[in-house]
Amino acid sequence: MSTDLVRVRTGVYHDSVSLMRVSQAVTGLPGVEVAVVAMATELNRGIAAELGFDLPEAGPADLLIAIRSGGPAALEVAAAELDRLLAGLAGRTGGGTAAEHPPRTVRTAARGRTATLALVSVPGEHAFAEAMDAIEAGLSVMIFSDNVPVEQEVLLKRRAAERDVLVMGPDCGTAVIAGAGLGFANVLRPGPVGLVAASGTGAQQVSCLLDLAGVGVGHVLGVGGRDLSEEVGGLSTLRALEALDADPATELIVLISKPPAAEVARTVREAVAKLGTPVVTALLGPGQDDLTAAAENALRALGVAVPTWRSWPAPAPPPPDDRPRAGGRDTGGTGAGRTGTDMEGAGAGRTGTDMEGADGSGSGTRAGTLRGVYSGGTLCAEARLIAGTGEFTDFGDDAYTRGRAHPMIDPTLRLEALAEVPPGDVVLLDVVLGHGADPDPSARLAPGIAAAVARGVPVVVALVGSEGDPQGLNAQAEAVRAAGAAVFTSNAQAARHAAGLLASAR
């Protein structure tokens with residue numbers, strides 16, 4: 001019989017990412033069924049209530065703890081580990097003496113200091129006030145928070161232009177300032193390239209490919225995924241381009257975006273044409289360069305040879321008599337090491353209409369669906385454009401992250417989606433490394449990948465990372481490959497390969 005522990009601690013605050021990691025750690029303990037460790041916001045209380053916990057009164061400034069285990073002994077161990085983890089957070093964030101009186105506002109924190117940048121990571125409904133406080137203090141600001149209304153984003157960016165500072169975000173997950181990574185950031189060698197990105201994972205893909213080719217990056221200025229929308233009009237993109245153009249250490253600029261609004265794209269291209277620094281663009285859309293092509297164009301502009309992007313072929317399938325009978329043919333062991341050039345055209349141009357619902361011409365199989373199960377929005381958009389078919393879900397979208405950790409930290413929703421894919425379909429997913437991301441993503445993803453492959457679902461992984469990332473690029477690649485996946489460091493090549501697997505199963 002399950003045993004519950006529910007506590008409320010007043011006057012204790014920790015950021016949501018730290019608490020979600022604590023929840024993950026406690027949930028992973030033997031005998032623990034579920035753990036919710038979060039600030040007692042209305043949303044988090046609702047999540048705990050849906051799980052069946054009987055909750056006391058609590059407010060958003062209180063810490064809510066709700067643990068369910070298989071018995072008292074397991075619950076006691078979980079409570080002790082929780083106390084240890086929370087003590088560690090307190091030591092990291094509140095270890096000063098009472099006499100130090102830490103500042104309570106951004107403007108107070110900036111007073112008398114030489115800071116030029118503030119990072120805002122609070123619930124989206126509170127981000128506007130904190131970001132405006134930073135702007136009024138004369139600071140540029142990186143808004144990591146998501147779920148910020150677009151009207152507030154426009155107001156912030158217009159005020160930032162008046163104050164001659166830059167707003168990165170909202171929902172800016174990645175930035176690098178003079179080599180220092182913020183948010184989800186890869187370990188990159190320093191160098192002459194500057195990125196302006198209305199995309200977090202798009203910036204990570206391009207910068208990591210450049211790093212794998214031996215070219216360093218000095219700055220990554222994320223501007224938020226909506227910056228090139230019609231509503232925002234590229235306000236931060238234009239300022240970021242000007243800033244990098246004025247930086248003598250930046251020899252080449254790479255501009256990256258999810259599919260932009262057409263009029264905004266024209267405005268940005270006109271601005272690019274007036275800059276003194278060469279610019280390579282990757283404004284995703286039909287007929288435009290993909291992220292890998294943009295990285296290759298950047299290398300050519302710098303006079304650097306384009307390498308063969310690293311990949312790890314899927315293990316050879318078992319003998320025919322031992323292979324799963326249901327679903328499409330597993331061809332994951334063929335062609336996984338090819339480059340984008342020789343993979344292009346392998347079913348990539350087919351539409352959902354001509355691929356879905358086809359029978360196996362008497363073979364008892366069906367031509368399935370390509371299912372993109374992504375944590376990165378731009379990587380998802382790029383793969384959808386390249387494949388030309390399939391059902392793609394960006395689990396990093398605001399709709400999926402409200403009250404949850406980003407899927408680069410917590411793969412739960414993606415694992416649930418992976419478990420539901422029927423035999424005959426092909427799965428394409430991303431694994432993004434770097435600081436801030438899951439410290440060992442393959443540990444949780446590999447069992448789900450292995451289970452999918454065992455039931456006749458080929459899995460293709462786009463692995464975005466650098467050689468210096470703490471998770472270990474090679475170790476992560478080998479772990480998911482051992483589970484049965486084909487692995488590519490280029491998301492574009494992964495998408496073409498996945499589409500080719502589906503086409504060959506028809």
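Predicted model, so just to flag it, every value in this text is computed and none were measured. (Residues numbered from 1 in each chain as written. Predicted model: local features only at pLDDT ≥ 70, side-chain atom pairs only at ≥ 80, totals over all residues. Heavy atoms only, no water.)

*Asks:* Which parts of the structure should I look at to understand helix α18 (residues 491-504)?
*Replies:* For an α-helix, 3.6 residues make a turn, and residues three or four places apart therefore share a direction. Spanning 14 residues, α18 covers 20 Å between terminal C-alpha atoms, matching the ideal 20 Å at 1.5 Å per step. Sitting at the amino-terminal end of α18 is Ser490, which places a side-chain oxygen 3.4 Å from the backbone nitrogen of Ala492. (Helix = DSSP H or I, 4+ residues; strand = E, 2+ residues; numbered from the N terminus. Expected span 1.5 Å × (residues − 1). Polar contact = N/O pair within 3.5 Å; in protein donor to acceptor, adjacent residues only side chain to side chain.)

*Asks:* What exactly am I supposed to notice about the sheet that holds strand β5 (residues 140-143) here?
*Replies:* In a beta sheet, neighbouring strands are held together by backbone hydrogen bonds and run either parallel or antiparallel to one another. Taking strand neighbours across the sheet as the criterion, the 3 strands line up as β4-β5-β6 in an open arrangement whose pairing is parallel. Strands at the two margins of the open sheet, each flanked by one partner only, are β4 (117-120) and β6 (167-168). Pairing of β5 with β6, which is carried by 2 bridges, proceeds in the parallel orientation. Bridging from a neighbouring strand, Met142 pairs with Met168 of β6. (Pairing = 2+ DSSP bridges.)

*Asks:* Sorry if this is basic, but what is going on with the pairing of strand β12 (residues 279-283) here?
*Replies:* Along any regular strand, the residues point their side chains to alternate faces of the sheet. Pairing between strand β11 (residues 252-257) and β12: 5 bridges, direction parallel. Each residue of the ladder has a partner; that of Ile253, found in β12, is Val279.

*Asks:* What's the story with the pattern of salt bridges in this structure? I'm lost.
*Replies:* A pair can form between side chains of opposite charge whenever their charged atoms are brought close. Considering all chains together, one arrives at 17 salt bridges under this definition. One salt bridge connects Asp211 with Arg189, and the closest N-O pair in it is separated by 3.2 Å. With Asp211 in helix α7 (residues 200-212) and Arg189 in the loop between β8 (180-183) and β9 (193-198), this residue pair connects regions lying 22 residues apart in the sequence. Using a relative accessible area of 3% as the deciding quantity, one classes Asp211 as buried. Each of the salt bridges in this network shares a partner with another, and the network as a whole consists of Glu153, Lys157, Arg226 and Asp227. (Salt bridge = Lys/Arg side-chain N within 4 Å of Asp/Glu carboxyl O. Buried < 20%, exposed > 50% of the residue type's maximum accessible area, 1.4 Å probe, protein only.)

*Asks:* Sorry if this is basic, but what is going on with the packing of aromatic side chains here?
*Replies:* The geometry of an aromatic ring pair comes down to the distance between the two centres and the angle between the two planes. Going through the model one piece at a time under the given rule, you end up with 3 aromatic pairs. Ring geometry for Phe144 against Phe184: centres 5.7 Å apart, planes inclined by 50°, an arrangement best described as tilted. With Phe144 in the loop between β5 and α6 (150-163) and Phe184 in the loop between β8 and β9, this pair connects stretches of sequence that are 40 residues apart. Here Phe184 falls in the buried class, since its relative accessible area comes to 7%. Over the aromatic face of Phe53 sits the side chain of Arg68, whose NZ or CZ is 4.3 Å from the ring centroid. (Phe/Tyr/Trp six-rings, centres within 6.5 Å; stacked < 30°, edge-to-face > 60°. Lys NZ or Arg CZ within 6 Å of the ring centre and 35° of its normal.)

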